[in-house]
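Commentary on secondary and tertiary structure
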Amino acid sequence: MTETERQQARFEVIKTYYSKLDAQDATLLDLFSDDVALFFPKYGCSRGKTELGNLGKRLVRQVQRFKHDTDNFRYVCQGDVMVIEGGVKGVMQNGDRFPVGEEEFSLFCTVFEFDGDLISRMHIYIDPDYSHEDSRRLANYSRNHQVGHAFKPALDE
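The structure reproduced in this document is the subject of the present report. (Residues numbered from 1 in each chain as written. Predicted model: local features only at pLDDT ≥ 70, side-chain atom pairs only at ≥ 80, totals over all residues. Heavy atoms only, no water.)

Here we look at the nonpolar core
In this structure, Y17, F32, I84, F112, I119, M122 and Y130 are the most contacted members of the largest nonpolar core, which totals 31 residues. Elements with a contribution of two residues or more to this core: α1 (3-22), β1 (32-40), α2 (49-62), β3 (63-68), β5 (81-92), β7 (106-115) and β8 (118-125). Considering each element in turn, this core owes the most residues, five residues, to α1. (Core = buried A, V, L, I, M, F, W, Y, C linked by side-chain atoms within 4.5 Å. Buried < 20%, exposed > 50% of the residue type's maximum accessible area, 1.4 Å probe, protein only. Helix = DSSP H or I, 4+ residues; strand = E, 2+ residues; numbered from the N terminus.)

Notes on the pairing of strand β4 (residues 74-78)
Note that β4 and β5 share five bridges and pair antiparallel. The partner of Q78 across the bridge, within β5, is V81. A loop of two residues connects β4 with β5, the two strands running antiparallel in sequence, and G79 in this loop sits at a positive phi of about 60 degrees. (Pairing = 2+ DSSP bridges.)

Here we look at the side chain of S33
Mapped onto the secondary structure, S33 falls in strand β1. At a separation of 3.2 Å, a polar atom in the side chain of S33 contacts the side chain of D35. Every residue in contact with S33, bar those within four places of it in the chain, is listed here: K49, L118, I119 and S120. (Polar contact = N/O pair within 3.5 Å; in protein donor to acceptor, adjacent residues only side chain to side chain. Contact = heavy atoms within 4.5 Å.)

Examining the pattern of salt bridges
Pairing between side chains becomes possible if they bear opposite charge and their charged atoms approach one another. Summed over all chains, the structure comprises five salt bridges. A salt bridge links E3 to R6, with the nearest nitrogen and oxygen atoms 3.2 Å apart. Highlighted residues: E3 and R6, both in helix α1, separated by three residues, approximately one helical turn. Taking relative accessible area as the criterion, E3 reaches 37% and is therefore assigned partly exposed. Put simply, D25 and K20 hold a salt bridge, and the shortest N to O gap is 3.7 Å. (Salt bridge = Lys/Arg side-chain N within 4 Å of Asp/Glu carboxyl O.)

What about α1?
For α1, which comprises 20 residues, the first-to-last C-alpha distance of 29 Å matches the rise-based estimate of 28 Å (1.5 Å per residue) to within 8%. Here α1 has its buried residues at R10, F11, V13, I14, Y17, Y18 and D22. Buried residues along α1 sit in contact with β1, β3, β4, β5, β7 and β8. One or two residues past the end of α1 sits Q24, with phi positive at roughly 55 degrees. (Expected span 1.5 Å × (residues − 1).)

Points about the packing of aromatic side chains
What the rule picks out here adds up to ten aromatic pairs. Pairing F66 with F98 gives two aromatic rings, centres 6.2 Å apart and planes at 80 degrees, and the pair type is edge-to-face. Taken together, the positions of F66 in strand β3 and F98 in strand β6 (residues 97-98) put the pair 32 residues apart, joining distant regions of the chain. Of the two residues examined, F66 and F98, each falls in the buried class. Each residue in the set Y17, Y18, F32, F73, F108 and F112 is aromatic and connected to the rest through ring pairs, giving one cluster. (Phe/Tyr/Trp six-rings, centres within 6.5 Å; stacked < 30°, edge-to-face > 60°.)

Regarding α2
The end-to-end C-alpha separation of α2 is 20 Å, in line with the 20 Å expected for 14 residues at 1.5 Å each. Among all positions of α2, only L52, L55 and L59 are buried. All buried residues of α2 project into a common sector of 60 degrees when viewed along the axis, lining one side. Within α2, the exposed residues directed more than 90 degrees away from the buried face are T50, K57 and R61. Elements in contact with the buried residues of α2: β1, β3 and β8. (Arc of directions from axis to C-beta.)

Describing the environment of C109
Looking at the secondary structure, you find C109 in strand β7. Under the relative-accessibility criterion, C109 is labelled partly exposed at 28%. Setting aside chain neighbours within four positions, we find C109 in contact with V83, I84, E85, H123, I124 and Y125.

In structure tokens:
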């Protein structure tokens, strides 16, 4: 198998992962090594399929349905690592839709690492505040927010 064929096969594994995630298909665990290394914001770092399942259980407490925009994923490969940049939208358990606002999709980036055909590492980078309930921080980072003072770095003397 050429490197290009290997990359394409791994990209198909990742697309299958997101398809199964959107369908809430627990067989997505079959795509991972038993000792998969994980990172998700606010959840932290963990290891193993059991932890991946626990993360999934926590996500479904908050989110009823995900829809990933797999047709427009951008990816970069180097060796056994593939980085995906993409969009996701969905419905919260309370019926609210996300993303909130004018964006069609919330953006995320995920770093996957493979051991053979299995995903051995998945680090997800996304704001888990899908429905913008963290209003204090959201207001602080809004482009319309007025900052009361200018940033002045400390100078070494």
